[in-house]
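Spelled out, the chains give:
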Amino acid sequence: MTLFSLTFAALSAACLANAIGDVFMLYGVRYTNWEPGVEAMQQTPERYIKWGALSGLVTVSAWFLLVPAAAQVGGGIGWALALAFCFYVGVTLSFHVSYLFVGLGVKADNTLAEPFAGLLGLISAASFLGAVSVSVLWAVDLFMRSASLFYLACTPAFTILFFQMFMGRFLGRAPYYKVVAGPIAMVAFFAGFLHYTEAVIGWHVP
């Protein structure tokens with residue numbers, strides 16, 4: 001069994017668990033026409049916010065399993081790519097921690113909605129910046145190796161835009177789609193990047 005198979009199985013399981021946790025964390029969207037936001041927070045039971053947000057500390061931490069694969073890229077790009085990915089995962093973890101306090105705060109006092117919404121927006125912007133950094137560094141290595149351009153469709157920036165924004169336009173009313181779109185996008189990125197490290201770089205079990 002290749003390291004691709006082992007790592008992808010673990011990462012996929014983590015994303016599935018993360019999606020389940022996110023459904024708990026954003027349970028209130030069922031009362032807001034499937035739209036996340038402050039109103040959805042207020043409609044989510046307190047225990048669901050706690051379980052969903054805290055479960056993210058375990059499930060998202062498992063994403064660090066991709067770091068050894070990123071290091072296989074080699075040279076300065078490999079280390080920069082690994083650090084950029086660590087930044088992305090770290091920001092995602094901070095989002096879950098922030099959501100715990102924001103959700104509980106908004107449920108206790110709805111006047112906190114506006115400043116807290118700004119905080120979550122800032123974290124979301126930092127998260128996408130991390131995804132773009134990973135994507136650019138991977139693209140640089142891809143062009144240097146003259147690898148298939150198909151891998152560009154697996155970069156995290158592209159998968160996030162595709163599954164969360166483009167597909168969201170068509171599936172936005174599907175129950176909980178907007179909630180689980182992030183983990184779906186990450187599975188697509190993990191699959192593409194691990195295939196790249198195995199097929200192009202040659203990272204495998206002898």
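Note: the structure precedes this text.
Rules behind the numbers
Residues numbered from 1 in each chain as written. Predicted model: local features only at pLDDT ≥ 70, side-chain atom pairs only at ≥ 80, totals over all residues. Heavy atoms only, no water. Helix = DSSP H or I, 4+ residues; strand = E, 2+ residues; numbered from the N terminus. Rg over C-alpha atoms; globule rule 2.2 N^0.38 Å. Buried < 20%, exposed > 50% of the residue type's maximum accessible area, 1.4 Å probe, protein only. Areas by Shrake-Rupley, 256 points an atom, 1.4 Å probe, with all protein chains shown as cover. Lys, Arg positive; Asp, Glu negative; His and termini not counted. Charge placed at Lys NZ, Arg CZ, Asp CG, Glu CD. Core = buried A, V, L, I, M, F, W, Y, C linked by side-chain atoms within 4.5 Å. Contact = heavy atoms within 4.5 Å. Axes fitted to C-alpha atoms, helices over the stretch in contact; angles between N-to-C directions. Parallel < 35°, antiparallel > 145°, perpendicular 65-115°, else oblique. Left-handed = near helix turned anticlockwise from the far one by under 90°. Expected span 1.5 Å × (residues − 1). Salt bridge = Lys/Arg side-chain N within 4 Å of Asp/Glu carboxyl O.

## Focus on the overall build of the protein chain
The helix and strand tally for the protein chain stands at eight helices and zero strands. In sequence order, the secondary structure elements of the protein chain are arranged as α-α-α-α-α-α-α-α. A compact globule built from 206 residues should have a C-alpha radius of gyration of about 17 Å, and the protein chain, at 18 Å, falls within 12% of that. Residues counted as buried form 43% of the 206 residues belonging to the protein chain. Within the structure as shown, the protein chain displays about 9,800 Å² of accessible surface, and the carbon and sulfur contribution to it stands at 71%. Side chains of the protein chain carry 8 positive and 8 negative charges; the gap between the two charge centres is 7 Å.

## Here's the deal with the nonpolar core
Formed by 33 residues in total, the largest nonpolar core has its most connected members in W63, L66, F85, F189, F190 and F193. Counting only elements with at least two residues in this core, the list comes to α1 (3-25), α4 (67-71), α5 (75-108), α6 (113-144) and α8 (177-201). Element by element, the count of residues in this core is highest for α5, at eight residues. Leave out the neighbours within four places in its chain, and W63 touches L11, A14, C15, N18, F85, Y88, V89, T92, M186 and F190.

## Brief notes about the packing of α5 against α6
As a packed pair, α5 and α6 sit with axes 9 Å apart at the nearest point and diverge in direction by 165 degrees. Here α5 is positioned roughly antiparallel relative to α6, judged by the angle of their axes. With respect to the hand of their crossing, α5 and α6 are arranged in left-handed fashion.

## Side note on the environment of F190
Within the secondary structure, F190 sits in helix α8. A C-alpha to C-alpha distance of 9.0 Å links F190 and T7, two positions 183 residues apart in sequence. Beyond its immediate stretch of four places on either side in the chain, F190 contacts F8, L11, C15, W63, L66 and F85.

## Structural notes on α6
Taking 1.5 Å per residue as the helical rise, α6 with its 32 residues ought to reach 46 Å, and the 47 Å between its terminal C-alpha atoms agrees with that figure. Looking at α6, one finds that the buried residues are A113, L120, I123, S127, G130, A131, V134, S135, W138, A139, D141 and L142. For α6, the elements touching its buried residues are α2 (38-43), α5, α7 (156-171) and α8. One or two steps after α6, the chain reaches S146, where phi turns positive at roughly 55 degrees.

## Notes on the environment of A9
Turning to its location among the elements, A9 is positioned in helix α1. Given a relative accessible area of 48%, A9 falls into the partly exposed group.

## As for the pattern of salt bridges
Considering all chains together, one arrives at four salt bridges under this definition. The partner of K178 in a salt bridge is E35, with the nearest N and O atoms 2.7 Å apart. Taken together, the residues span a long stretch of sequence, with K178 in helix α8 and E35 in the loop between α1 and α2 at a distance of 143 residues. Residue E35 is classed as partly exposed on the basis of its relative accessible area, which comes to 29%. Measuring nitrogen to oxygen at the nearest pair gives 3.2 Å for the salt bridge that ties E46 to K50. With E46 and K50 both in helix α3 (residues 46-59) and four residues apart, the pair spans about one turn of that helix.

Shape descriptors only; they carry no functional weight alone.
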